[in-house]
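# Report on the structure
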Amino acid sequence: MDDRRLITGCLLAGGEGRRMQGQDKGLVELKRTPLASHALARLLPQVGTVFISANRNQDRYSELLAKAHGHFAPKPSTFAEDPSVFPDDPDLGEKAGPLAGIVSALRRTETDWLMVVPCDTPYLPPDLVSRLFQAGTQRNADIVVPKSGSGDHFHQHWVCALMHKRVYPQTLTAFVKGERKISRWIQSQNWTSVSFADPADFANFNTLETLNEPD
C-alpha cells in the first residue's frame, strides 16, 4: 500500500506576516514564485492530499493549490467554497497562532496522519515525509519532528511535523488551557525526531531581507 494515502498535508499560511511588514507571507515571491507554491511543490508528491490553513486571501491560495495540482483554477466565485483552504476555526479565537491552524487541520483530517509545514520553507527535502512516517511507525510515536545539524549543534524544526490524528483531543485541551507554543506542546506528547544532514533544506524565508539574499 502507498503510505502517502495515510497522510494529509497541511500548509500553514495563517500568520500575520509581522516580519514581512504585514504582507501575507505565503504570497510573497521568491524567484518570481510565491513562497507557498515552492512549499506546495515539495509537499504534494509526498502526501495523499493537501489542505492550506490561511486566514486571509483564501481565493488566492485556492488558485495556487489548483495550479500545483495541475488543475485549471476554478472561477473566482467558487474560491470561498474550496474546502481545502480554510481559516482557523472561529471557536479558537482570532490571531491565535500556528497551533490554532494545527487544531483546525486535525479536525478536518480524515487520514491517520497529518503533515504540517510552514509556507516559508521552499526547499523541503523530497524524502521528508517518508522518513518521518517510517520513524513514527517504527518507534510508535505520535509526533515526529525533523532536526538538522550534527553532534550537540542541531535544530529541531518544530513547525514542520508529522502527527497522528489521535493527538487531537490532547491538542485541543492544551490550546483551550492557553498553550500557544508548538515546541512546548510537542514535547508534552509522545514524540521523536529524525536527523537530516542539510540545514538549508529547512531554511525559513520569513523576512524581506532573506528573500533578497543572493543564492
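Above: the structure in question.
This text gives an overview of the structure that appears in the document. Because the structure is a prediction, the values reported are computed rather than measured. (Residues numbered from 1 in each chain as written. Predicted model: local features only at pLDDT ≥ 70, side-chain atom pairs only at ≥ 80, totals over all residues. Heavy atoms only, no water.)

The next subject is the nonpolar core. Within the largest apolar cluster, 33 residues are counted, with the highest numbers of intra-cluster contacts made by I7, L11, I52, Y61, M115, L128 and L132. Broken down by element, the residue count for this core peaks at five residues, all from helix α4 (residues 128-139). Other than its neighbours up to four places away in sequence, Y61 contacts A13, D24, G26, L27, A36, I52, A54, R56 and V85. (Core = buried A, V, L, I, M, F, W, Y, C linked by side-chain atoms within 4.5 Å. Buried < 20%, exposed > 50% of the residue type's maximum accessible area, 1.4 Å probe, protein only. Helix = DSSP H or I, 4+ residues; strand = E, 2+ residues; numbered from the N terminus. Contact = heavy atoms within 4.5 Å.)

Here K181 shows up in the loop between α5 (168-176) and α6 (182-187). Along the chain, K181 and L99 lie 82 residues apart, while their C-alpha atoms are 7.3 Å from each other.

Among the six residues of strand β1 (residues 7-12), six are classified as buried, and the element is accordingly described as predominantly covered. Strand direction decides the pairing type here: β1 and strand β4 (residues 49-53), joined by five bridges, are parallel. Its bridge partner lying in β4, T8 is registered against T49. (Pairing = 2+ DSSP bridges.)

Taken as a whole, this structure holds five aromatic pairs when the rule is applied. Here the aromatic rings of F51 and F86 are separated by 5.5 Å at their centres, their planes lie at 80°, and the arrangement is edge-to-face. Separated by 35 residues along the polypeptide, F51 in strand β4 and F86 in strand β5 (residues 85-86) bring together distant segments of the chain. Accessibility expressed as a relative area gives 11% for F51, which makes it buried. Arranged with centres 5.9 Å apart and planes meeting at 80°, the rings of W113 and F133 form a pair that is edge-to-face. Of this pair, W113 sits in strand β6 (residues 113-118) while F133 sits in helix α4, placing them 20 residues apart in sequence. Of the two residues, W113 and F133, neither departs from the other in class, the shared state being buried. (Phe/Tyr/Trp six-rings, centres within 6.5 Å; stacked < 30°, edge-to-face > 60°.)

Any link to function would need more than the numbers given here.
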